[in-house]
Amino acid sequence: MTREELRQLREIQALEFTVLEFALYLDTHLQDQAALKEYNRYSQQLRELRMDYQERYGPLHIMHPSDYPWEYPRSPWPWQIEY
Amino acid sequence: MWRYEKILQYPVRVSRTDLGLAKLLSAQYGGPDSELSAGLRYLTQRYVIPTDEAKAILTDIGTEELAHWEIIGTLIYKLTEGVPVQRLRRAGLGADYAQHGRAIYPSDATGVPWTASYIQAHEDPIATLHENMAAEQKARATYENLIDLSNDAGVIDTLIFLRKREVVHFQRFGEALNIVRDHLEAQD
Ligand SMILES: [Fe+2]
């Protein structure tokens, strides 16, 4: 895994965490409009970043379109990545 | 359904292999207050819990716990990766090697295999949510013990992240408890 790939992966990791944290909060605060706005802003950013990463480096999950040969098994497995 | 993502929730960095520490971390892989217990407890409690908020929080926290289970598995994997058998034996992991090789197996820090008797599911939502709040506090305390026992900066960084998650989960379950209480009172 190149430095640039790892940098982008960590950026996705950080954004996914932010989105999850807002989602858990919203699960018990359905009417918090300010939090919902933040959630939507970050989840939009995350969607773009994930698309971009997967087009460059291959799928993070099996629902993503793949080039030939099937790419999913070949990218590094989470426990094998050197941070 | 669940969908796997090929990414850890938080980075795992270890400076060197450490067999003693790997063994201790099993507490959170297959121990009573482990991430495995947490994940299965919440995901199996969802079906009969009243209120959509409580269903959502059990689903989403339960799913996050499985991501934590993977983080602990990754820590143990990296701390034991490639270690020669005789070193494993000298570190007191001979019995683990005899039964599992270097495979990761859900048992606690003393080698007792994980069992469903660590968790409970009750139809009474007040009992269930109190159990979950207690479980989060027990997991927090376990992480504090593990942080005290660690001397690897990378491992400590990951454990601090996991400890903080237990605090947030406790908070969310407390809010769910209030929502469920209001719901039950409105029914009376
Ligand atoms: Fe938790």
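The rules we used
- Residues numbered from 1 in each chain as written.
- Chains lettered and ligands numbered in written order.
- Predicted model: local features only at pLDDT ≥ 70, side-chain atom pairs only at ≥ 80, totals over all residues.
- Heavy atoms only, no water.
- Donors = N, O, S within 2.8 Å, 3.2 Å for Na, K, Ca; no water.
- Helix = DSSP H or I, 4+ residues; strand = E, 2+ residues; numbered from the N terminus.
- Buried < 20%, exposed > 50% of the residue type's maximum accessible area, 1.4 Å probe, protein only.
- Axes fitted to C-alpha atoms, helices over the stretch in contact; angles between N-to-C directions.
- Parallel < 35°, antiparallel > 145°, perpendicular 65-115°, else oblique.
- Left-handed = near helix turned anticlockwise from the far one by under 90°.
- Contact = heavy atoms within 4.5 Å.
- Nonpolar A, V, L, I, M, F, W, Y, C, P; charged D, E, K, R; others polar.
- 1 Å grid on protein atoms, 1.4 Å probe; cavity = no way out; pocket = protein on both sides within 12 Å on 5 of 7 lines; lining within 4 Å.
- Points joined across faces, edges and corners; volume = space filled by probe spheres on them.

A. Region of the structure containing the coordination of the iron ion. Residue and element names in this part refer to chain B. For the iron ion, the protein coordination sphere consists of Glu65 (OE), Glu136 (OE), Glu136 (OE), Glu166 (OE) and His169 (ND1), at 2.1 to 2.6 Å. Along the chain, the residues donating to the iron ion are arranged with the sequence spacing E-x70-E-x29-E-x2-H. Taken together, the positions of Glu65 in helix 3 (residues 52–80) and Glu136 in helix 5 (residues 125–149) put the pair 71 residues apart, joining distant regions of the chain. Each member of the pair Glu65 and Glu136 is classed as buried.

B. Region of interest: the packing of helix 1 (residues 3–27) of chain A against helix 3 of chain B. Packing of helix 1 of chain A against helix 3 of chain B leaves a shortest axis separation of 9 Å and a crossing angle of 155°. Comparing their axes, helix 3 of chain B and helix 1 of chain A come out roughly antiparallel. The crossing of helix 1 of chain A and helix 3 of chain B is left-handed. Counting all contacts with helix 1 of chain A, which are made through Leu20, Leu24 and Asp27 of chain A, the residues of helix 3 of chain B involved are Glu53, Ala56, Ile57, Asp60, Ile61 and Glu64 of chain B. The class makeup of the residues in the contact of helix 1 of chain A with helix 3 of chain B is 5 nonpolar, no polar and 4 charged.

C. Region of the structure containing empty space enclosed by the protein. This structure, assessed with the given rule, holds 3 cavities of 30 Å³ or more. A volume near 290 Å³ is recorded for the largest cavity. As for the largest cavity, its lining consists of 19 residues, of which Ile76, Thr80, Leu93, Asp96 and Ala103 of chain B are closest to the centre. Looking at the lining of the largest cavity, the element that brings in the most residues is helix 4 (residues 85–100) of chain B, giving 5 residues. Its residues placed into classes, the lining of the largest cavity shows 10 nonpolar, 5 polar and 4 charged. Contributing to the lining of the second largest cavity are Met1, Glu5, Leu9, Tyr53, Tyr57, Gly58, Pro59, Leu60, Ser75, Pro76 and Ile81 of chain A together with Lys6 of chain B. Taken together, the elements giving at least two residues each to the lining of the second largest cavity come down to helix 1 and helix 2 (33–57) of chain A. Across the lining of the second largest cavity, the residue classes break down as 8 nonpolar, 2 polar and 2 charged.

D. Representation of the side chain of Gln8 of chain A. Residues and elements named next belong to chain A. Considering the arrangement of structural elements, one finds Gln8 in helix 1. Note on Gln8: relative accessible area 4%, which makes it buried. Other than its neighbours up to four places away in sequence, Gln8 contacts Asp52, Tyr53, Arg56 and Tyr57.

E. View of the side chain of His68 of chain B. Within the fold, His68 of chain B resides in helix 3. His68 of chain B sits in the buried class, given a relative accessible area of 0%.

F. Region of the structure containing the environment of Lys37 of chain A. Residues and elements named next belong to chain A. With respect to the secondary-structure elements, Lys37 resides in helix 2. Using a relative accessible area of 65% as the deciding quantity, one classes Lys37 as exposed. Separated by 28 residues in sequence, Lys37 and Leu9 have C-alpha atoms that sit 25 Å apart.

Limitation: the analysis is restricted to geometry and does not speak to function.
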